[in-house]
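# Observations on chain architecture
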Amino acid sequence: MEVYFDNAATTPMSRAALDAMIPALEEQYGNASSLHTVGQLAKEQLEQARADIAECIGAEPHEIIFTSGGSEADNQALVSIARWGAKRDKRHIISSAFEHHAVLHTLQKLEKEGFEVTYLDVHPEGMVYPEQVEAAIRPDTCLVSIMYANNEIGSIQPISEIGAICREKKVFFHTDAVQAVGHLDINVKEQNIDLLSLSGHKFHGPKGVGCLYARRGIILSNIIEGGAQERGKRAGTENIPAILGMAAALKDILSRREENEKKETAMRDRLIEGLSQIPHSKLNGHPTKRLPGNVHFCFEGIEGESLLLMLDLNGVAASSGSACTSGSLDPSHVLLAIGLPHSVAHGSLRLTLSEYNTMEEVEYVIGILPGIVEYLRDMSPVWESLEKGETEHVI
Ligand SMILES: *Cc1c(COP(=O)(O)O)cnc(C)c1O
């Protein structure tokens, strides 16, 4: 059986996305900046996609800037508010220890430029609480950036509450909602979100396209300089096929949002139930406030990488955490942020589902995983010393 359980890394394209893209690739090749009819058709399609995406998140069309993806949107959001803050002697930023690297590495760059960043602790269940944000806000704070849902452990943050605090304290609030858009109900106005990043390929749209929502009145700084596209805030000829694909994918997935949530939650909870039977295993992230498609476990005494290889040999595509950090030997910063010791963090497995998965696939994985874990533990010196009582079990 071939099973794709790595939807947090990327998703297959939906039929709706392909149907929107193919004509744009084959026939409608116009440049939206051209004045002739071919160009103006492209411009119309571009603006329709902008309006569609805005509507999906409760924004106005002019509050949407198209980017090359979630990473660029995160970079632009943070750098823009930092530049604004620097002009007003507000050089303090609040974020958390388990953000995506697109946020963390941008913050590190800003720290080198003289900004001070408070990285809020993440509670063991994968949550950052509003009280922590409130306590960290200072007179010189310009920005709070907290992700909507974590890409490794799936925990969903109290975004509306954090948004309300930021609005009251007059601090800009950005959320990296790349894992949440298309999967959860989002309304930037009701939730007091000033800036939000999203990415097409996390909800069955194409890769290499995303957008930044920035509330009316927020002055963005450019990351890419050049032409006057995107109200002069993001230069470069718009990738119209990708933008149309992203908009179609988002409308399509949201048309079944509640149905998808029900279906994915049932598969998720069955997986959690099945994998919890494996001795010395632990579910990471919040038991209920988690993305409908996210399952994340640690298994003591084994390496996540060997587990992935064994699963791959059995037709299952999974991840040990973030696709961006796999290949490095350091354990995930997210797992360290929720307080897991290195030894446990190494044995992690992330299974992320989409509406295209089935309960048969779930049962297949529940069927093979205990045997794989046992096989790897039998070969593991770490497990041997745990079994002999030379080292203590942590989970
Ligand atoms: C995937 C992801 C990103 C990066 O988006 P790209 O479009 O791949 O650049 C940023 N943040 C989170 C939480 C993600 O899951």
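Residues numbered from 1 in each chain as written. Predicted model: local features only at pLDDT ≥ 70, side-chain atom pairs only at ≥ 80, totals over all residues. Heavy atoms only, no water.

### Re the sheet that holds strand 7 (residues 195–199)
Just so we agree on the cut-off: Two strands are counted as paired when DSSP detects at least two bridges linking them. Secondary structure elements are defined from DSSP: runs of H or I of at least 4 residues count as helices, runs of E of at least 2 residues count as strands, and each element is numbered from the N terminus. To define axes, lines are fitted to C-alpha atoms, for helices over the stretch in contact only, and angles between the resulting N-to-C directions are given on a 0 to 180 degree scale. Contacts: residue pairs with any heavy atoms within 4.5 Å of one another.
Taken together, seven strands build an open sheet; the order of strands is 2-8-7-6-5-3-4 and the sheet is mixed. The outermost strands of the open sheet, each flanked by one partner alone, are strand 2 (64–67) and strand 4 (116–120). Neighbour-to-neighbour, the strand axes of this sheet turn through a mean angle of 20 degrees, independent of strand direction. Pairing of strand 6 (residues 172–176) with strand 7, which is carried by three bridges, proceeds in the parallel orientation. Opposite aspartate 176, over in strand 7, you have serine 197 as the bridge partner. Where helix 2 (residues 37–57) meets the sheet, its contacts fall on strand 2, strand 7 and strand 8 (210–214), and the angle it forms with strand 2 comes to roughly 115 degrees. Against the sheet, helix 6 (residues 159–169) makes contact with strand 5 (141–145) and strand 6, and its axis sits at roughly 160 degrees relative to strand 6, the strand it touches most.

### Quick notes on the packing of helix 3 (residues 70–86) against helix 4 (residues 101–112)
The cut-off we apply is this: Relative orientations are named as follows: roughly parallel for angles under 35 degrees, roughly antiparallel for angles over 145 degrees, roughly perpendicular for angles from 65 to 115 degrees, and oblique for any other angle. The crossing is said to be left-handed when, going from far helix to near helix, the turn is anticlockwise and less than a right angle, and right-handed when the turn is clockwise. As a working rule, the residues Ala, Val, Leu, Ile, Met, Phe, Trp, Tyr, Cys and Pro are called nonpolar, Asp, Glu, Lys and Arg charged, and the rest polar, with Gly in that last group.
Two elements in contact, helix 3 and helix 4, have axes whose closest approach is 9 Å; the angle formed by their N-to-C orientations is 30 degrees. In this view, helix 3 runs roughly parallel relative to helix 4, as classed from their interaxial angle. In the packing of helix 3 onto helix 4, the handedness of the crossing is right-handed. Together, Ser71, Asp74, Asn75, Leu78, Val79, Ala82 and Arg83 of helix 3 and Ala102, Val103, Thr106, Leu107, Lys109 and Leu110 of helix 4 make up the contact between the two elements. Grouping the constituent residues of the contact of helix 3 with helix 4 by class yields seven nonpolar, three polar and three charged.

### Observations regarding helix 2
Basically, it comes down to this: To estimate the expected span of a helix, count its residues, drop one, and scale the result by 1.5 Å. Each residue is placed in one exposure class: buried if its accessible area under a 1.4 Å probe, protein chains only, is under 20% of its type's maximum, exposed if it is over 50%, and partly exposed if it falls in between.
Helix length check: helix 2, at 21 residues, gives a terminal C-alpha distance of 31 Å against a target of 30 Å (1.5 Å per residue), a fit within 8%. Looking at helix 2, one finds that the buried residues are Gly39, Ala42, Gln45, Leu46, Ala49, Arg50, Asp52, Ile53, Ala54 and Ile57. Those residues of helix 2 that are buried are in contact with strand 2, strand 7, strand 8 and helix 7 (240–254). One or two residues past the end of helix 2 sits glycine 58, with phi positive at roughly 75 degrees.

### Some remarks on the sheet that holds strand 9 (residues 281–283)
In spatial order, the strands read 9-10-12; together these three strands make up an open sheet with antiparallel pairing. Among the strands making up the open sheet, the edge pair consists of strand 9 and strand 12 (348–352). Here the average twist between neighbouring strands, direction ignored, is 25 degrees. Relative to strand 10 (residues 294–299), strand 9 is paired through three bridges, and the arrangement is antiparallel. Across the sheet, residue leucine 283 finds its bridge partner in strand 10, namely phenylalanine 297. The sheet contacts of helix 8 (residues 257–276) involve strand 9, strand 10 and strand 12, and relative to strand 10 the element is tilted by about 10 degrees.

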